[in-house]
Amino acid sequence: MNINHLRLENFFTEMSKIGKIGETGTNRPAHSPDEKKAFELASSWMKFAGMTTRIDNFGNLIGRLEGTNPDLPVLMVGSHLDSQPYGGRYDGVAGVLCAIEAAITLQEKGLKSERTLEIISFADEEGWRFNKGLFGSRGILGRLEEGELQRTDANGITREQALKEFGCDITKFKESEYRDGSIYCYLELHIEQGPVLDIQEKPIAVVSGISGPIWLTVKLKGMAGHAGSVPMPMRKDALVGASEIIIALNEIANQVPGNPTVGTCGTIKVFPASRNIIPEEVEFTLDLRDIDLERRNRYEKQLLDKIDEISKKHGLSYEISEDWKSEPRYCADWIKDIIRNNCEKIGLQDTPELMSGPFHDAMAISYACDYGMIFVRCKDGISHNPLEYSSPEDLALGAEVLYGTILDILKIEK
């Protein structure tokens, strides 16, 4: 093995101390002091790899290992260091730390490339703080949407304010954007966040593509009333309507057994939230994903029809906002071949090929260049949970495959 597995394991140990909750959990919000601490630690390791580092105006940490021909489009490798509010130690982190270990290994072996290598920890991949993810990876491509800086978190802090406090200059976004053609291709290692590799007893997978997600926020409005005196047939209960819509989403996603479609309600807010008052307003989020775009679009229409039908049934008005929508994005065959070849070189035969249900920064970057992804097994498929776990041995294998893939793309003779 070329990479240093003990050093890599130490990287995870040290990073897990920042934003630690409980024994194994992590809460490291985007654009927060804890993310800044994580950036400072990762930056120190990037510098050990001979990289120059900076934080751009979108809040991305970027390490750059200059090639002998800086005019060539860069090989970009990355993921993220922000976490869910009740997250684990490996989601996103694995991609950043394994990439840094690969870069250090390059430096230790004295290997030089004509093409520049960049490692990026993207800002706000998770999207929970401001209800809109992939901020940094969309930002560098000029793909932010109107009003994103005015989105607020649970404490009323706008993204604009959070970025300024993080040290970013929102008036200089253009300076942090990558020009067309400046990224050669993109690589991302990530824990699988699902159970397939664990069930198959395989440590690594080649990723085939990323499902297309739709994120909706639905607001239902009925009428509040006394919980003890308003007869059932006269009620306009927004929570009952929301409950039926959530069940409808579950039924839509499950209508064809075996399909990879998934549907989730992740958050729900009830007003006025009193046990003695009929709920008047409910706001909730819906997440629908599929690797098949035609089917995803068909299911989206079914869902919208159900929202309308159920709202009318209960005398409710409704509003729907579309927070995120993307078609499925497929990995480049030539990069998949390189990843698979590097699996075989270290004795991993019959490496499976899996689609990704979760979206990643790779989805945003795929609009600018070819991309490839490596999955690492996680125990019981658990993710977005403090119980999330990938073994040091599996992470080392993933880092070794990533290292070999980087060498092959940079055309470095081993």
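Preceding block: the structure.
These numbers were taken from a predicted model, which means no experiment stands behind them.

Conventions adopted
Residues numbered from 1 in each chain as written. Predicted model: local features only at pLDDT ≥ 70, side-chain atom pairs only at ≥ 80, totals over all residues. Heavy atoms only, no water. Axes fitted to C-alpha atoms, helices over the stretch in contact; angles between N-to-C directions. Helix = DSSP H or I, 4+ residues; strand = E, 2+ residues; numbered from the N terminus. Parallel < 35°, antiparallel > 145°, perpendicular 65-115°, else oblique. Left-handed = near helix turned anticlockwise from the far one by under 90°. Contact = heavy atoms within 4.5 Å. Nonpolar A, V, L, I, M, F, W, Y, C, P; charged D, E, K, R; others polar. Salt bridge = Lys/Arg side-chain N within 4 Å of Asp/Glu carboxyl O. Buried < 20%, exposed > 50% of the residue type's maximum accessible area, 1.4 Å probe, protein only.

This part takes up the packing of helix α1 (residues 5–15) against helix α12 (residues 392–410). Direction vectors running N to C along α1 and α12 enclose 115°, while the axes themselves pass 10 Å from each other. Taken together, the axes of α1 and α12 are roughly perpendicular relative to one another. Regarding α1 and α12, the two cross each other, and that crossing is right-handed. Of α12, the residues touching α1 (which contributes H5, L8, E9 and F12) are P392, L395, A396 and A399. Class assignment of the residues belonging to the contact of α1 with α12 gives a composition of six nonpolar, one polar and one charged.

To continue, consider the pattern of salt bridges. Inspection of every chain in the model, using the stated rule, returns 32 salt bridges. Residue E101 pairs with R7 through a salt bridge whose shortest N-O separation is 2.8 Å. On the criterion of sequence distance, the pair formed by E101 in helix α3 (residues 93–108) and R7 in helix α1 is long-range, its members being 94 residues apart. Considered together, E101 and R7 belong to a single accessibility category, that of buried residues. Residue R159 is joined to D124 by a salt bridge in which the shortest nitrogen-to-oxygen separation is 2.8 Å. Of this pair, R159 sits in helix α5 (residues 159–166) while D124 sits in the loop between β6 (117–122) and α4 (135–139), and the two are 35 residues apart along the sequence. Accessibility classification places R159 together with D124 in one group, the buried group. Each member of the salt-bridge network shares a partner with another, and the members are D333, K336, D337, R340 and E353.

Note on placement: I320 falls in strand β12 (residues 317–325). Using a relative accessible area of 33% as the deciding quantity, one classes I320 as partly exposed. Separated by 190 residues in the primary sequence, I320 and F130 have C-alpha atoms spaced 17 Å apart. Non-local contacts of I320, meaning those with residues more than four positions away in its chain, are made with L216, T217, V218, L304 and I307.

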